[in-house]
Every structure is written in C-alpha cells, then in structure tokens.
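Commentary on secondary and tertiary structure
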Amino acid sequence: MTAVLVVNSGSSSFKYQLIEMSTETTLASGLVERIGELMGQSSHTVASGSTDTAASVRETATTERELPIPDHTAGFAVMLEAFRDHGPSLDDHAPVAVGHRVVHGGARFHEPTVVTEAVERDIDELAGLAPLHNPGALQGITAAIEAFASVPHVAVFDTAFHQTLPPEAFTYAINADLAERFRVRRYGFHGTSHSFVSRAGADFLGRPVEDLNQIVLHLGNGGSVCAVRAGRSVETSMGMTPLEGLVMGTRSGDIDPGVLFHLHRKAGLDIDDLDALLNRGSGLLGLTGRGDLRDVVTAADSGDGPSQLALDVYVHRLKGYVGSYYAQLGHVDVITFTAGVGENSALIRGRALAGLEALGIIIDAERNEARTRGPRRISTDDSAVTVLVIPTNEELEIARQTLSKVG
Ligand code: AMP
C-alpha cells in the first residue's frame, strides 16, 4: 500500500485527496473553506466498497462540519480529525509523501520539486507574478509540513509542463530589458492537466507519446489550449498570467492592450478597475451576465441574443487557436477535449471543430453526443486526426509526479 496526499491550497480554502497509488484510487477527499472567516466549513468524503475507479459505482459517505477555522494550521487539524473520526485510518494508509499544487513556478521550476526552506522562499518570491495564487499555496505547504512532518512534501507547478516552450513562443515583443528585469514572458498554466491528458491520449491510442503531435483543449471555468509535440509543450494560450488566450467564464482572454489605454483615458478606469474588469467581469459573464456556460447555452436556446453572440465569440476564438496550433505543429495526430466544458458539452466540441474536414478533422455526431465516464473517441473512423474526450485528473497527476519524485 502506497498512499499520497494531494493538497490544493488557496488563501482561504484547501482541497485534499488521499490516493492509493497501487490502484490509483481515491480513498478520501475533502474541502476546508472559509478559513479566517467567522465561521469555517469542512467536508470529508470517504470512498468505500468497490475498488472500481468509476466514481459512480463507488459508495461514498460525506460528513460536513461548521466551526471557526482561523488559519491553515487549524484547517489541517480539522482534516486530521475527519480522517480519525470517519476514516480511512492514516495509520493504515499513511501517506508516503504530500504533493502540493502550486500555480506559478516562474522560469525557476520545470519539474516537481521537493520542498525545502529555499524552495518555500522561491515560491514566496514568485508571488509577485501570481499574487492571487502563490501565497495561498505557501500557507498550505507550511501548515501541511507541520501536520505531516516526517514525509517529503513535493511542489507540483502548473507552469512546469510549459517550460519546454521555445523562446519564440514564450517571448513577448516588448522592450527586452524591461521584460528581463520584470520577468515578463509567457509561462502558461494548466500544465498538470495538459501533461495528464496528452499522456492519457497516447495511452488510449496505444501509441508512444513521442510519436504524436497533439492539441489539448482544456475548457473549464478557466481555459487553455496546448500544442504538445512528442510529449512536450511547445505552445500554449495562457501567458504571463492566466488571463491570455481563450474566452473564459469571467476572463476576457486575448484583447488588444489598446483597449485598456482607451478605457483608462475615456472611461476613467484605473489599473485595479481594469484588472477586475478583465479577470472577473469579462468572458461569458461580461458578455451575458452569466459566467457558467450551461446557463449561457440555456439562454441562447431560448433566443437570448447576447448569449448566442457569446457562444459565437467563444467558439470563434477556440477554432482560431486550433487552426493556429495546427499550423505550428505542421501535422496533428490527436485533438483532445477536457475539463468541465470539454468533457460535457457536445455543442461546444461540435461547433469548435465544424467545417474542418479539409484539415482531416471529422467529428462523428453520434459519438460526440454519447456520454461515458472514461476516455473516448468522437471522430469518425476515417478522420485523419483522432478527436478524443478525456476526463482530466489533476490530483492523480500531482500524486504520480510526487511519487515519481520521491521514488
Ligand atoms: P471546470 O473548471 O473544469 O470545473 O469546469 C467548469 C465549467 O464547466 C463551467 O463553466 C460549467 O458551465 C461547465 N460545464 C459543466 N458541465 C457542463 C455541461 N454539461 N455543458 C456545458 N458546460 C458544462
């Protein structure tokens, strides 16, 4: 038995999963949230019964609590109590390591890294590039080290998979000295998911990942596209921050920076207003008042003009990226949809790849509409490019990378 605990920590909450690595099954998962507020919340879900990996056939039991959780250290105490009271026993399933999701690893971290004091200082220092994410991750790491002092802790970075981007893909065409001084370049995100999904795609086809050129479309509340050549990220749509690229739930994605100068000069928006506008008040939400794609689809179906336009804009941007990355790769073997929208919306999948028969991309309408839990093919048998839907599993990827790091 070899268990790994995966922690994904933000500034006021953290999620965890205890994964048994011999079967790659989740033994328990949970969420501790509203840390630092008057009243905190926790939930702990224990999987039992069958060891089948399909969540639907595994019995689960969830317990919830409400209590003040002043800081992350208190949050880990709540988590340990949940394991003690509801199982599984951490004596029987003691984690051999703890894997931590860290959003920004800058140009410094290109692989999973065992946390030392120097690594903690580096993550802290990178908070300048990811002020909304890295501080919370660090709080989680510090508290987890107190709670699990005798095992190694490994930081797995969202940016790491994209450290193979060539300079022409990661360089912005701005003043080079300024860019270097302030580390302005493209880093890319969702790397853990792109890594997992591109490997799972090769496994599904029974082909070595080294033989494949792939385009991965991670479409969730945030979204990004990645071109993967021989298992290595060579281009991706998010940039220095997770704002660049696709139309997302609340983020604009690509926009002419001149719009910002214009809104500053003419509408009087200051830098914080613009940050909030583009990160939290744009994308589907900005276009329709609804940030969840399901709601936008429902409204569009009932004739709401702005929602119909929002879907058109969403799909237009996505298709543009597919074409761009097709050209960058020169030859594409596999296109894979993943994450909330990619795994669930036949509408978006079908529209994003419609009319691309001349590129060898042919969707089978019936396969696209079918719903299964595992990976599946949605292209026709004679489509030159294989199109797949693969559920992402970032926690499992973090656990795998953590275990591979600690041996
Ligand atoms: P994620 O960030 O991966 O959890 O994905 C969240 C997004 O997936 C939300 O915007 C949801 O609207 C979207 N989503 C989930 N299920 C569906 C569905 N059946 N159809 C369309 N979008 C969906």
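Residues numbered from 1 in each chain as written. Predicted model: local features only at pLDDT ≥ 70, side-chain atom pairs only at ≥ 80, totals over all residues. Heavy atoms only, no water.

For the protein, the count of helices and strands is 15 helices and 14 strands. Overall size of the protein, expressed as C-alpha extent along the three principal axes, is 60 × 55 × 45 Å. Scored against the burial criterion, the 407 residues of the protein give a buried share of 48%. The long-range fraction of contacts in the protein, counting pairs at least 24 apart against all pairs at least 6 apart in sequence, stands at 63%. Taken as a whole, the protein presents about 18,600 Å² of accessible surface, with 52% of it coming from carbon and sulfur. The positive charge centre, built from 33 side chains, and the negative charge centre, built from 51, are 4 Å apart in the protein. (Helix = DSSP H or I, 4+ residues; strand = E, 2+ residues; numbered from the N terminus. Buried < 20%, exposed > 50% of the residue type's maximum accessible area, 1.4 Å probe, protein only. Contact = heavy atoms within 4.5 Å. Areas by Shrake-Rupley, 256 points an atom, 1.4 Å probe, with all protein chains shown as cover. Lys, Arg positive; Asp, Glu negative; His and termini not counted. Charge placed at Lys NZ, Arg CZ, Asp CG, Glu CD.)

It is worth spelling out the UniProt feature "site: Transition state stabilizer" (unreviewed entry) in the protein at this point. Feature annotation in UniProt places "site: Transition state stabilizer" (unreviewed entry) on His190 and Arg251, given in this structure's numbering. In this structure histidine 190 comes out as buried when scored by relative accessible area, which is 11%. Those residues within four positions of histidine 190 in sequence are excluded, and the remaining contacts are Asp158, His162, His218, Gly222, Gly223, Ser224 and Met238. Mapped onto the elements of the fold, arginine 251 is located in the loop between strand E11 (232-236) and helix H7 (258-267). (UniProt positions renumbered as here; feature names shortened; annotations may be inferred.)

On to the nonpolar core. One finds Leu217, Leu219, Tyr314, Leu318, Ile335 and Ile348 to be the most contacted residues of the largest nonpolar core, which totals 36 residues. Elements with a minimum of two residues in this core: strand E9 (213-219), strand E10 (223-229), helix H10 (293-301), helix H11 (305-329), strand E12 (334-338), helix H13 (346-352) and strand E14 (386-389). Top contributing element to this core by residue count: H11, with 10 residues. In contact with tyrosine 314, not counting residues within four places along its chain, are Leu219, Val247, Leu284, Leu293, Val341 and Ile348. Leu27, Ile69, Leu90 and Val98 belong to the second largest nonpolar core, which has 23 residues in total. (Core = buried A, V, L, I, M, F, W, Y, C linked by side-chain atoms within 4.5 Å.)

In contact at an axis separation of 10 Å, H7 and helix H8 (residues 271-280) are set at 130° when each is read in the N-to-C sense. One way to sum up the angle between H7 and H8 is to call them oblique. Of the two elements, H7 crosses H8, and the hand of that crossing is right-handed. Of the residues in H8, those touching H7 at Leu260, Leu263 and His264 are Leu274, Leu277 and Leu278. A class-by-class count of the residues in the contact of H7 with H8 yields five nonpolar, one polar and no charged. (Axes fitted to C-alpha atoms, helices over the stretch in contact; angles between N-to-C directions. Parallel < 35°, antiparallel > 145°, perpendicular 65-115°, else oblique. Left-handed = near helix turned anticlockwise from the far one by under 90°. Nonpolar A, V, L, I, M, F, W, Y, C, P; charged D, E, K, R; others polar.)

Our focus in this paragraph is the packing of aromatic side chains. The description of two aromatic rings rests on the distance between their centres and on the angle between their planes. Applying the stated criterion across every chain, the model contains five aromatic pairs. Here phenylalanine 14 and phenylalanine 76 contribute two aromatic rings whose centre-to-centre distance is 4.3 Å and whose plane-to-plane angle is 10°, an arrangement assigned as stacked. Here the residue phenylalanine 14 occupies a position in strand E2 (residues 13-20), and phenylalanine 76 occupies one in helix H1 (residues 72-86), the gap between them amounting to 62 residues. For the pair shown, phenylalanine 14 and phenylalanine 76 are each scored as buried. For the pair tyrosine 321 and tyrosine 325, a centre-to-centre distance of 5.6 Å together with 90° between the ring planes defines the contact as edge-to-face. Taken as a pair, tyrosine 321 and tyrosine 325 lie in helix H11 at a separation of four residues, close to a single helical turn. One aromatic cluster is present, formed by Phe14, Tyr16, Phe76 and Phe83 through successive ring pairs. (Phe/Tyr/Trp six-rings, centres within 6.5 Å; stacked < 30°, edge-to-face > 60°.)

The subject of this paragraph is the sheet that holds strand E4 (residues 40-48). Taken in spatial order, the eight strands line up as E5-E4-E3-E2-E1-E6-E8-E7 in an open sheet, and their pairing is mixed. In the strand order of this sheet, the two ends are held by strand E5 (59-67) and strand E7 (113-114), each with one partner. Taken together, the seven bridges between strand E1 (residues 3-9) and E2 define a ladder with antiparallel strand orientation. Residue pairing across strands places valine 6 opposite glutamine 17, the latter belonging to E2. Here helix H3 (residues 134-147) sits on the sheet and contacts E1, strand E6 (95-102) and strand E8 (153-157); the angle it forms with E6, its principal contact strand, is near 165°. (Pairing = 2+ DSSP bridges.)

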